[in-house]
Structures are given as C-alpha cells and as structure tokens.
Amino acid sequence: MENVIKLKKGLDINLKGKATLKCTPFKLDKEYALVPDAFVGMTPKVVVREGDHVKAGEPLFVNKKFPEVGFASPVSGTVTAVIRGERRKLLCVKVEADSKQDFVDFGKKDPSSLSGDEVLQHLLKAGLFGFMRQLPYAVSAEPSSMPKAIFISAFRDMPLSADFDYELEGNEKYFSAGLTALARMAETHVSVSNKQTFALPEVKGVETHVFSGPCPAGNVGVQINHISPVNKGETVWTADPMVVVFIGRLFLDGKVDLRRRVAIAGSEIKDPGYAEILVGQSVKSLLDKQIDTGCHLRIINGNPLTGKPCDIDSYVGALTSEITVIPEGDDRDEFIGWIMPRFKDFSSHRSYFSWLMGKKKEYTLDARIKGGERHIIMSGEYDRVLPMDIYGEYLIKAIISGDIDKMEQLGIYEVAPEDFAVAEFVDSSKLELQRIVREGLDMLRKENA
C-alpha cells in the first residue's frame, strides 16, 4: 500500500463542458507546425529552409545555446513556411504532410540494457530531449548537467483537463518503456491520484507517490515540493506523461511518433470529447463544426487556467493535452451587476448564493477579469489555495520589487508559473501571477547565467 500524501489547500473549479470518454479516430491533416513557444526558455535556430523535404523525426530547429538539442518534425513532408514575428522571432515552422508518412529509423533498443548517457544521446539524436522541462526556472531541459531526479505527474486536475487514464489506453507498454529509459538517467518519481484506476507498471528505479487533494495537487511542481524540494544549485527534470509515451515509442518502435489524444472541451463546444492527433495539428481542423463562429469566444491552447489564448488559425502545442473554448464575456450586459444573487456564477468566497448549490454543480465561466489591478492585501488569500511550503504573497511582492535575495530566500527555485494558476484565479488584486512568476524566473536565470 503506497503512502498517500494528503493536501488540503487548493480549489476545484467544476466547469461545464468536460470532455466525454469518446475519441475521434486519427486522420492525417494537410499541414502541421512546430511552435517554439511551447518550449519555454529556449532560443530556436532554424535548421531547415522552405522547400526542404523532412522525415518525421528530423529536427526543424535546435536550441541555439545547446545545438545538440533538436526538436523533431511530427510528420514527413515539405517545409512550406518559416514564420517570423517582431524582431525576427520564430513563431513556427510549417510542414505540408506527405500522403504516405516516412520516418527516420533510429533503431529499436532495449532501454534497460543502456546506460544513462546512452539514453540521453538517443533522446538528443531523436529530437525528443527538449520536450522535457527542468527546475529551477521551469524551462526546456538542458543537457549541461544531469538532474538529481526526474518527476512525472500522471494525473491532471486543472479545470476541463484531459483524463490521462483515457489518454494512456493502448499505450501502456510505451509508458513502461519510457519510464525504464528515464530511470536509467536518474532516479524517477511518478505521482498518481488516489482516484485513478490504471495500474502503474513496476519499473526498477521508479518510485510511485499517491496524492490526494484539490487542484493544484496534480501540478508536478507541487508534488516536487512535497517529495524532494529543489534547492539552489540543484536541478530536476520533469516530463509530461505523454512525453514518456513518446520516449517509449522511440525505444520500442525505433521512430518518433507524436500521436496523442487531446481533449476538446469547454462550455462552447457542441460535442466535448477527444481527438487522436499529431502534435502541431491545426486548431481549425479540431474545432470544425464544434463552435459557433458568430459568438465572442476565447479559444485556449491548454486548460482555462494555464493555457495560452490562441485563434482558430493556431496549432496544437507540443505539450498541449486539451483545447478548450469558453465565452469571451465582452458582449455581456449584466443588470445591476454584483447586487444580483448570482445562483449561476462561481465564487470561492461564498460571495454569491451559488455556493448553496453544492460542489457538483457545473459552471459556465467567461474570460473576464471583472476588475482592475489593485494593491496586494496581505490576507493569506494565496496560501489557502497554494499547497506548497512557501509564502506565496511575499514571494510575489519580492518578484515585483526585483529583490533577488528575497526571491531566493522565499523559494523561487521551487516554483513554476502554473503553480500559481489557482491563486491567480482567486486573487482579489487581479494580478497576473503566472506572468509575474515567469518574469521573476527569467530575471533569476539571467542573473545566474
């Protein structure tokens, strides 16, 4: 019987439109794009040109600081465009897919027979290493130093998030092989929820942890804080559970196969469910006939709390597990505003009468902030929903003031922006906490470079 780590702090937000467990089968799209912004903290250098033909698994761009870290093309086809934005920032590399897919053959390997360095070199060669992240700084992993441990959170609990149990169906052997490969590089920790049903494989060098509690208990940063906190000078790597599946496919099948199930969810989706896609597929192909294009909608690459707003012409990010659509809210006109009892609106402070409806009630929330920025009131507001051993409000103030010493003392090396997602949702000061934390981490990374 595993030891259950029980977390009491947090907040579950039950939104309407959760994806039902049915999946649209895979169908090859005409065009795919790999978006560098999915790999935070990495400066891309394009290694292909328009008109080049690439195989699935060949790099489209590399990390400028670490050229050995490439990022694999999800499909074989012709590079049709290298899109750049302001100051020549690389926005994406588009590839027109071949009707018959051709993969780079990396050779089938038994990860249990390889050394940690051999596994690392194989991941670098296949362009999958950069799909992992590292703490501190919450950036795309760098091969300059080996981590003290690798952490994987095998459950998701953000609003409208995908169900990993369902994503894993049919991929169990690849998940097991991926865990075996990661365990060769460093001690590996896998966290699951006490409500999950799938059985984790027993893999040498992999330790399992069971978490119980409200959102954000599924955040890997929260789990690291309770298992083995990151101190200054230490490095840990983290991997999305589907990235572990990608790694397993590389070793067992000898090719880069970036197929995954993505949840199509949200109150504005006509038929919420899942779709089997390849990383980099167009959002437009997923939302075809699913939304009313005449309405004011917020399309999100990810879940409503941590995802990035996008438009219909965007592409699914490399680490995106759901595409969600909620009302924008800018076309609503509310009669006498906050004075109404609001039985249909969610509140974490019992400000509305909706708290009488019970925890199972589903809410339709829009993207409005409902107020402007104001001073931080030291009320313990963040601490009630932040299940980490840090002083969240003091850390945010230290980042805003640029006090690096205070940031380090208050535990900035342990956090990632998404750890503050729920705190941002309940924040009466209306501050963009995730953006502030990201700026603080970038500031510290530049200072320590």
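What you are looking at is a predicted structure, and each value in this text was computed from that prediction instead of being measured.

What counts as what
Residues numbered from 1 in each chain as written. Predicted model: local features only at pLDDT ≥ 70, side-chain atom pairs only at ≥ 80, totals over all residues. Heavy atoms only, no water. Salt bridge = Lys/Arg side-chain N within 4 Å of Asp/Glu carboxyl O. Buried < 20%, exposed > 50% of the residue type's maximum accessible area, 1.4 Å probe, protein only. Helix = DSSP H or I, 4+ residues; strand = E, 2+ residues; numbered from the N terminus. Core = buried A, V, L, I, M, F, W, Y, C linked by side-chain atoms within 4.5 Å. Phe/Tyr/Trp six-rings, centres within 6.5 Å; stacked < 30°, edge-to-face > 60°. Pairing = 2+ DSSP bridges. Axes fitted to C-alpha atoms, helices over the stretch in contact; angles between N-to-C directions. Contact = heavy atoms within 4.5 Å. Parallel < 35°, antiparallel > 145°, perpendicular 65-115°, else oblique. Nonpolar A, V, L, I, M, F, W, Y, C, P; charged D, E, K, R; others polar. Disulfide = S-S within 2.5 Å.

**What to know about the pattern of salt bridges**
- This model, assessed by the stated rule, comprises 20 salt bridges.
- D257 is paired through a salt bridge with R249; the nearest N and O atoms lie 3.9 Å apart.
- Since its relative accessible area comes to 3%, R249 is described here as buried.
- In this structure, the salt-bridge partner of R435 is E432, at a minimum N-O distance of 2.7 Å.
- For R435, a relative accessible area of 36% puts it in the partly exposed group.
- Several salt bridges share partner residues, and in doing so they unite R156, E167, D240 and R260 into one network.

**Considering the environment of A199**
- Secondary-structure assignment places A199 in the loop between β13 (188-193) and β14 (206-212).
- Here the alpha-carbon distance between A199 and E172, two residues 27 residues apart in the chain, equals 9.4 Å.

**Considering the nonpolar core**
- One finds F61, L123, F129, M132 and M185 to be the most contacted residues of the largest nonpolar core, which totals 67 residues.
- Looking at this core, the element that brings in the most residues is helix α5 (residues 241-253), giving 8 residues.
- Core analysis: the second largest hydrophobic core is formed by 59 residues, L15, F155, M407 and L444 among them.

**What about the packing of aromatic side chains?**
- Evaluated as defined, the whole model comprises 9 aromatic pairs.
- With centroids separated by 6.4 Å and ring planes inclined at 65 degrees, the aromatic side chains of F39 and F61 adopt a geometry described as edge-to-face. Of this pair, F39 sits in the loop between β3 (31-34) and β4 (44-46) while F61 is found in strand β6 (residues 59-63), placing the two residues 22 residues apart along the sequence.
- Centre to centre, the rings of Y137 and Y413 are 6.3 Å apart; their planes meet at 70 degrees, and the pair counts as edge-to-face. Of this pair, Y137 sits in the loop between β10 (133-135) and β11 (139-140) while Y413 sits in the loop between α8 (404-409) and α9 (421-426), and the two are 276 residues apart along the sequence.

**Some points on the sheet that holds β6**
- One open sheet accounts for 3 strands, arranged β4-β6-β7; its pairing is antiparallel. On the outer flanks of this sheet lie β4 and β7 (70-72), each paired with one strand and no other. Taking the axes of each pair of neighbouring strands and ignoring which way they run, one obtains an average angle of 35 degrees across the sheet.
- Pairing between β6 and β7: 3 bridges, direction antiparallel. Among the inter-strand pairings, F61 is bridged to a residue of β7, identified as F71.

**Quick notes on helix α4 (residues 220-227)**
- A large share of α4 lies buried, amounting to 6 of its 8 residues.
- By the burial criterion, the buried members of α4 are V220, G221, V222, Q223, I224 and N225.
- Against the buried residues of α4 lie β10, β12 (149-153), β13, β14 and β15 (236-239).

**Thoughts on the packing of helix α3 (residues 172-185) against α5**
- Following both chains from N to C, one finds α3 and α5 inclined at 90 degrees, their axes separated by 7 Å at the closest point. Here α3 is positioned roughly perpendicular relative to α5, judged by the angle of their axes. Counted together, K173, Y174, F175, A177, G178, L179, A181 and L182 of α3 and P241, V244, V245, I247, G248, R249, F251, L252 and D253 of α5 form the full contact between these two elements.
- For the contact of α3 with α5, the per-class residue count stands at 12 nonpolar, 2 polar and 3 charged.

**Concerning the state of the cysteines**
- Inspection of every chain in the model, using the stated rule, returns 0 disulfides.
- No disulfide involves C295; its sulfur sits 17 Å from that of C310, the nearest cysteine.
- A relative accessible area of 38% places C295 in the partly exposed class.
- Cysteine C310 shares no disulfide, and the gap to the nearest cysteine sulfur, in C92, comes to 13 Å.

**Considering the pairing of β13**
- Of all 6 residues in β13, 6 are buried; the element is thus mostly enclosed.
- Side-chain alternation along β13 places T188, V190 and V192 on one buried face and H189, S191 and S193 on a second face that is also buried.
- Of the pairings in the sheet, the one linking β12 to β13 comprises 4 bridges and is parallel in character. For S153, the partnering residue across the bridge sits in β13 and is S191.
- Of the strand pairs in this sheet, β13 and β14 are connected by 6 bridges, and their pairing is parallel. Paired with V190 across the two strands is T208, which belongs to β14.

**What about the sheet that holds β14?**
- Spatial ordering of the open sheet is given by β1-β14-β13-β12-β15-β10-β11, a layout of 7 strands whose pairing is mixed. Of all strands in the sheet, those bounded by a partner on one side alone are β1 (4-6) and β11.

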